[in-house]
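This is what each chain is made of:
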Amino acid sequence: MQRIAILGSGESGFGAAILASKKNYEVFLSDSQNISQPKIDCFKNLNIEYEENQHSFKKLAKTSLIVKSPGIPDDAQIVKQLNKRQIPVISEIEFASQHTKANIIGITGSNGKTTVAHMVYHLLKDELEDVDLAGNMGLSFAKTVAEKKAKNYVLEVSSFQLDGIQKFKPHIAIITSITPDHLDRYQNNFDLYTASKFRIAENQHNTDFLIYNADEEHLCNWLKKHPVKSTCIPISTEKELKFGTYLKDNKIIINLNKKIHIMPISALEVKGKHNTKNAMAASTVAHLLKIRKETIREKLETFHGVEHRLEHVLKINKVNYIN
């Protein structure tokens, strides 16, 4: 029986432990802080060995694989010690992807990824067979793989999660934006952070797709210098594209094989330029997956947004008030 260790008992680590147990690994979970009682009860029921308030290197070093929670940095002492022993350290999304043959739509970016993930899920959930939503918004991908076995996954993916991949490959990847963020984890180097985001496409083939924000100069320049194997689909609210998704006369146009008018942006339930671009990304995914344009339009008209995101409240004396 292969022994696996999980670092961290948050949603990511907890889900990885459940999946590993179900796949008949010998599981050891280690957390440097307290573990909640409900999770301890679950570990006991599944015969999962665990420790809290410490990381026992000797126990961890006896494993053949480590799944690290994204909140633990790569330069943490325990991680560096394990790397010296050449024990593979991967992320939860990598581990989960090794145990499913499902179609994956992966969304990353400094901004907008949560809304786009929910919007894509809203467009697909009643149109494709077995669609599930998981990832960085607090829904463990590993836990859903263990419990639901969906045929299609819409995943919000952070750079921290992408840092730990090996073979993770979404069929459709989206990069919503890349702006300086979390640079403390990347030696205050914007290029290292950018490279981390682009890892979402590193295992893609020419039959896969990368949808990206063509209005960000830094993102476009990086893609020119570091080409990917997948088919790249740009999205722009600022220019008409010969190939891609763009705005014209306040209408969303998807121009891949032929021009397709999706809908006027005035019909979108969620307002704002950022939400227009989110809708463009989501509708491009739906189009690639053969969802009817009438269905895409109807679904976008009923998407009400995500809690705790920018939301238009009202307009008084030409001033927009945003929650």
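Let me sum up the structure you'll find in this document. (Residues numbered from 1 in each chain as written. Predicted model: local features only at pLDDT ≥ 70, side-chain atom pairs only at ≥ 80, totals over all residues. Heavy atoms only, no water.)

## What about the sheet that holds strand β5 (residues 89–91)?
For clarity, the threshold we go by: The rule for pairing is simple: two strands pair if DSSP sees at least two bridges between them. Put simply, DSSP H or I for four residues or longer makes a helix, DSSP E for two residues or longer makes a strand, and each gets a number counted from the N terminus. For every element, the axis is a line fit to its C-alpha atoms; helices are fit only across the contacting stretch, and the angle between N-to-C directions ranges from 0 to 180 degrees.
A sheet is described by the order of its strands in space; here 5 strands give the open sequence β3-β2-β1-β4-β5, paired in parallel fashion. Edge positions in the sheet fall to β3 (49–51) and β5, since each has one partner strand and no second. Across the sheet, the axes of successive neighbouring strands diverge by a mean angle of 25 degrees, strand direction being ignored. Taken together, the 3 bridges between strand β4 (residues 65–68) and β5 define a ladder with parallel strand orientation. Bridging from a neighbouring strand, Ile66 pairs with Val89 of β5.

## Re the nonpolar core
Soluble globular proteins: nonpolar side chains tend toward being buried together. We apply this condition: Here, the term nonpolar core denotes a set of buried Ala, Val, Leu, Ile, Met, Phe, Trp, Tyr and Cys residues that are joined through side-chain atoms within 4.5 Å. Exposure categories follow from relative accessible area, calculated using a 1.4 Å probe and restricted to protein chains: below 20% of the type maximum is buried, above 50% is exposed, and the middle band is partly exposed. Residue contacts are defined here by distance: any two heavy atoms, one from each residue, within 4.5 Å place the two residues in contact.
In this structure, Ile4, Phe95 and Phe141 are the most contacted members of the largest nonpolar core, which totals 53 residues. It is helix α1 (residues 11–22) that contributes the most residues to this core, 6 residues altogether. In contact with Phe95, not counting residues within four places along its chain, are Ile4, Ala16, Leu19, Ala20, Tyr25, Leu65, Val67 and Ile90. Formed by 38 residues, the second largest nonpolar core is a distinct cluster that contains Val154, Ile174, Ile235 and Ala279.

## Here's the deal with helix α6 (residues 113–124)
So the rule is basically this: Multiplying 1.5 Å by the residue count of a helix minus one yields the expected span of that helix.
With 12 residues, α6 extends 16 Å between its outermost C-alpha atoms, agreeing within 8% with the 16 Å of an ideal straight helix rising 1.5 Å per residue. Extensive coverage of α6 is indicated by the burial of 10 of its 12 residues. Burial in α6 covers these residues: Lys113, Thr114, Thr115, Val116, Ala117, Met119, Val120, His122, Leu123 and Leu124.

## Re the environment of Ala279
Mapped onto the secondary structure, Ala279 falls in helix α11 (residues 273–288). Placed 142 residues apart in sequence, Ala279 and Met137 show a C-alpha to C-alpha distance of 19 Å. When neighbours within four sequence positions are excluded, Ala279 is seen to be in contact with Met119, Ile252, Leu268 and Leu300.

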